[in-house]
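# Working through the structure, step by step
Letter by letter, the chains look like this.
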Number of protein chains: 2
Amino acid sequence: MKKARVGVGIIGLGVVAGQVARVLLEKGETLSQEIGCPLTVRRIKVLETDLRRPLTHDIDHKLFTTRDEEFFNDPEIDIVVEAIGGENPAFAYLKRALEGGRHVVTSNKEVIAKHGMVLRALAAEHVVGLRYEGSVGGGIPLITRFQYDLVANRINGIYAIINGTTNYILTQMAHEGIDFGTALKNAQALGYAEANPANDIEGIDAVYKLAILATLAFQTPISPEDIYREGISRLSNRDFQYAHELGFAIKLLAIAKNNNDQVEVRVHPVLIPEDLLLAKVDGVYNAIVVQGDLAGDVLFYGEGAGAKPTASAVVADVIAAARDVVRGNGITSVPVFTTLPAKNIKPMSLIETRYYLRVLVVDDAGVLAQIARVLGDHRISISSVIQKTTDNVAKTAEIVIMTHPARGDSIQTALDEFARLNVVKEVSNFIRVEEISSNQEATNSSS
Amino acid sequence: MKKARVGVGIIGLGVVAGQVARVLLEKGETLSQEIGCPLTVRRIKVLETDLRRPLTHDIDHKLFTTRDEEFFNDPEIDIVVEAIGGENPAFAYLKRALEGGRHVVTSNKEVIAKHGMVLRALAAEHVVGLRYEGSVGGGIPLITRFQYDLVANRINGIYAIINGTTNYILTQMAHEGIDFGTALKNAQALGYAEANPANDIEGIDAVYKLAILATLAFQTPISPEDIYREGISRLSNRDFQYAHELGFAIKLLAIAKNNNDQVEVRVHPVLIPEDLLLAKVDGVYNAIVVQGDLAGDVLFYGEGAGAKPTASAVVADVIAAARDVVRGNGITSVPVFTTLPAKNIKPMSLIETRYYLRVLVVDDAGVLAQIARVLGDHRISISSVIQKTTDNVAKTAEIVIMTHPARGDSIQTALDEFARLNVVKEVSNFIRVEEISSNQEATNSSS
């Protein structure tokens, strides 16, 4: 049965929910034209506490309801937009909406990262669409690329700057020469970081997003616990200076690689060559490189967060769902998520990358030789070395070593041995290096 | 009626058609899984001359046919892929396929740019999908962004490097300091430029692609004739040197701007600030910046041509069409193309940009004053000036002027007056400057 009108119900009244409601109300006419029938916001489910806050003037307050029953039993709601964030009660709400035969749109990365497979199965069972373009990369069109535009590709790798807060902090450290603490305070002052910034700076947010992307790209469930994670708080200005001297930028990357039956999934700071486009992505912007066997390297760039960009993605999903509602016949245009045979997660100890090592040593003859011998003992070969006196009085020097590719466990053992050397005052830092070389050369052809 | 199998017919046997056939044959199993039933290549329509060329071994020669009737009357062909390029006979083939109720996939920019509206109407009439993702930007997912992911946005502007050949030449000129002729020869030697390079270097290819993008972005028919066009052949090494001194890169951009009821659509060389991401897109790569009122600036980057990237886009379209075939009920998931009220094309004479002007003059006192007075007479204000002696014996100097925003007609009049000054030996070049400032600041918000 074809519908004559499409009704939307929104859960939440935060910045994203408010912006989505505003766009649907303000652009209602043009959007209705896109789907071929009126599209209206039926209800907005809020908490009692929401109603006690100063409410925006541009939303009709009659739309608000605090009662779950009134919201979920409204037969005029065809599409449920969840925008409260967090795992609970969002997960319960999403399940209830799908079980009630509603198309669902969410920008909730945590719930999709943790419960995506359950929700996808529920959506398939009830023949409705589960859409979550806003969950990763804000307004950057990304999620549906894997099942649509890149569907003919084997995805070999993903390299992503998908947390704007940390990219802002790293950009400040790199370009302004300020330390981590000051950069974080600046980010907080500008509203780019929260009062409790752990979710961003420890890489948890990036892990959720990578879990979503890797699941889609590799067609196998990747959960947040599968993903290795390091934050950015142990990066110092000296690392940025040395990296720049060596021709590298430092970024927090979310990385997923497809090595036949094994996958690598990890979020940690990396050195990447300064001349890569990804190295030039600054401030709160996000950028995602996807490597396909046919498409080659494709990069998507834009604002990864914020009310308007996220609303752009959420409303696009609402329109897609609305087109399904209008078409009728109980069909959804969201493709069935087909999984490939499960893949093993490669442990970090076995992953080979180049490494940047920074060690504080006694400024004495033969110290470099001792350091180099330890590396040699573990078959780690050196690509380049910088040695600088840091304190003439205390007689300390800093040694920075770029290695050739070495296994994680070999590096860890070597660092432990460094720490036991008398000449070593401190193993100051180690950072992995990613070259992000594509498997494919740009194809020869004109135009 | 649901289909138990989906048949594909391919027109053409060039590099793209060959690659598409290869992907559909080699990846048939996984792609069939994506759509839920077998997907097979039924026939490949070729010319007699194609059959006289050495044929690829990996394609079953029984699939070839030279007879139109056999191809177009085959009831097992649900989806027609056109990959012969050029306006004719491709246009006739596409019409015939749509009229026969076939879903159509093409990577033919010329035919879509020139006849897109006719073909869209035909597709709508016969309730089938017309898909052409491969026509712009090769494997970069782009076309369907406007009707899907960015559908909630008012598109304010597009700035695109969409011709790899010219971008390769400009990159060579900028980084290697070689002249246009040598860079073109290099591009030809590498297969990046054709023996007759006019289509690329004169900007014709970029015009077709911009016509397609602007039509979709502004929801109004923009034809190739609407688009102002300049090629790159009059750029000299000196322009690159001065531009770099002033902090700018030179790129051939396809530009579309939405100013209320007027649009600007133009393809010409521009100076853009060197620190923009777009300025850092080098070699044969393409990049497209789309400015939306909600999403902000979104950039897409990748290989804009080549058999594999284009096949990635074409096969993605085939899969999308195949999903429609499988769903049955004579429905296509391609949204109806809704047009907004027609917009006027703003004439170049009225378009305001900053300008870079290079003039060869007699190296004498008072010459700059004369040049400056002409500009002043036309209310063109100067932002910066470089004056350099070029020849001590001939007593010539070069004056490079960056203006503040000025109208095209004022600049043309001023340049004509320059040419009439006794002290001016030559008006060597003028290039427009684009700042590509977004209308929107990055939104404040964490993560």
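Since we're looking at a predicted model, the values are computed, not measured. (Residues numbered from 1 in each chain as written. Chains lettered and ligands numbered in written order. Predicted model: local features only at pLDDT ≥ 70, side-chain atom pairs only at ≥ 80, totals over all residues.)

## Observations regarding the overall build of chain A
Helices and strands together make up the secondary structure of chain A, namely 14 helices and 18 strands. Across the 447 residues of chain A, 51% fall into the buried class. Once local pairs closer than 6 in sequence are excluded, the contacts in chain A between residues at least 24 apart make up 74%. (Helix = DSSP H or I, 4+ residues; strand = E, 2+ residues; numbered from the N terminus. Buried ≥ 20, exposed ≤ 12 C-beta atoms within 10 Å, placed from the backbone. Contact = placed C-beta atoms within 7 Å.)

## Quick word on the nonpolar core
Core analysis: the biggest nonpolar cluster contains 288 residues, and A:Val20, A:Ile158, A:Leu210, B:Val20, B:Ile158 and B:Leu210 have the highest contact counts within it. Ignoring any residue separated from it by four or fewer positions in sequence, one finds A:Ile158 in contact with A:Leu213, A:Ala214, A:Ala217, A:Ile255, A:Ala256, A:Ile288, A:Val289 and A:Val290. (Core = buried A, V, L, I, M, F, W, Y, C linked by C-beta atoms within 7 Å.)

## Quick look at the sheet that holds strand S5 (residues 103–106) of chain B
All names here are of chain B. Pairing in this open sheet of 6 strands is parallel, and the strands run S3-S2-S1-S4-S5-S6 from one edge to the other. At either end of the open sheet lies a strand with only one pairing partner, and these are strand S3 (64–65) and strand S6 (130–131). Running at roughly 115° to strand S2 (residues 39–45), helix H2 (residues 28–35) makes contact with strand S1 (6–11) and S2 of the sheet. Each of S1, S2, strand S4 (79–82), S5 and S6 is contacted by helix H12 (residues 307–327), which is oriented at about 175° to S5, the strand it contacts most. (Pairing = 2+ DSSP bridges. Axes fitted to C-alpha atoms, helices over the stretch in contact; angles between N-to-C directions.)

## Thoughts on the pairing of strand S7 (residues 155–161) of chain A
All names here are of chain A. For S7, the buried fraction is high: 6 of the 7 residues fall into the buried class. For S7 and strand S11 (residues 285–292), the ladder comprises 6 bridges, and the chain directions are antiparallel. Its bridge partner being in S11, Ile 155 is matched across the sheet by Gly 292. Relative to strand S9 (residues 248–259), S7 runs antiparallel, the two being bridged by 4 bridges. When the sheet's bridge partners are listed, Ala 160 is paired in S9 with Ala 254.

## What to know about the interface of chain A and chain B
Contact with chain A, which involves 68 residues of that partner, is made by 68 residues of chain B. Listed by contribution, the elements that provide at least two residues to the side of chain A that touches chain B are helix H2 (28–35), helix H7 (164–176), S11, strand S12 (296–303) and helix H12 (307–327) of chain A. When residues in the side of chain A that touches chain B are grouped by element, the largest group, 11 residues, is from H12(A). Its residues placed into classes, the side of chain A that touches chain B shows 32 nonpolar, 22 polar and 14 charged. One ladder, built from 3 bridges, connects S12(A) with strand S12 (residues 296–303) of chain B; its direction is antiparallel. Note that in S12(B) the partner of A:Phe300 across the bridge is B:Phe300. (Nonpolar A, V, L, I, M, F, W, Y, C, P; charged D, E, K, R; others polar.)

## Thoughts on the sheet that holds strand S4 (residues 79–82) of chain A
All names here are of chain A. Read from one edge of the open sheet, 6 strands run S3-S2-S1-S4-S5-S6, paired in parallel fashion. At either margin of the open sheet sits one strand with a lone partner, and together these are strand S3 (64–65) and strand S6 (130–131). Across 2 bridges, the pairing between strand S2 (residues 39–45) and S3 is parallel. Paired with Lys 45 across the two strands is Thr 65, which belongs to S3.

## Examining the relation of the copies chain A and chain B
For the pair of chain copies, the relating transformation is a rotation about an axis with a translation along it. Overlay of chain A on chain B (RMSD 0.0 Å): rotation 180°, translation along the axis 0.0 Å. Such a turn and shift between the copies fits a two-fold axis. Scanning chain A for the C-alpha nearest the rotation axis identifies A:Phe300, at a separation of 2.4 Å. (Least-squares fit on C-alpha atoms with pLDDT ≥ 70 in both.)

## A closer look at the domain arrangement of chain A
All names here are of chain A. Split by domain assignment, chain A resolves into domain 1 (6–139 + 307–327), domain 2 (143–303) and domain 3 (348–433). A straight line from the C-alpha centre of domain 1 to that of domain 2 covers 28 Å. If you look at the interface, domain 1 gives 15 residues, while domain 2 gives 17 residues. A total of 7 residues in the side of domain 1 that touches domain 2 trace back to one element, the largest contributor, which is helix H6 (residues 109–125). (Domains from an automatic or database assignment.)

## Looking at the packing of H2(A) against H12(A)
Residue and element names in this part refer to chain A. Interhelical geometry of H2 versus H12 gives an angle of 50° and a closest axis separation of 9 Å. Between H2 and H12, the angle is such that the two are oblique. Relative to H12, the crossing made by H2 is right-handed. On H12, the residues touching Leu 31, Glu 34 and Ile 35 of H2 are Ile 319, Ala 322, Arg 323 and Val 326. Class assignment for the residues of the contact of H2 with H12 results in 5 nonpolar, no polar and 2 charged. (Parallel < 35°, antiparallel > 145°, perpendicular 65-115°, else oblique. Left-handed = near helix turned anticlockwise from the far one by under 90°.)

## A word on the environment of B:Asp282
All names here are of chain B. Relative to the helices and strands, Asp 282 is located in the loop between strand S10 (262–273) and strand S11 (285–292). Classification of Asp 282 as partly exposed rests on a count of 19 C-beta atoms within 10 Å. Along the primary structure Asp 282 and Lys 185 are separated by 97 residues, whereas in three dimensions their C-alpha atoms are 18 Å apart.

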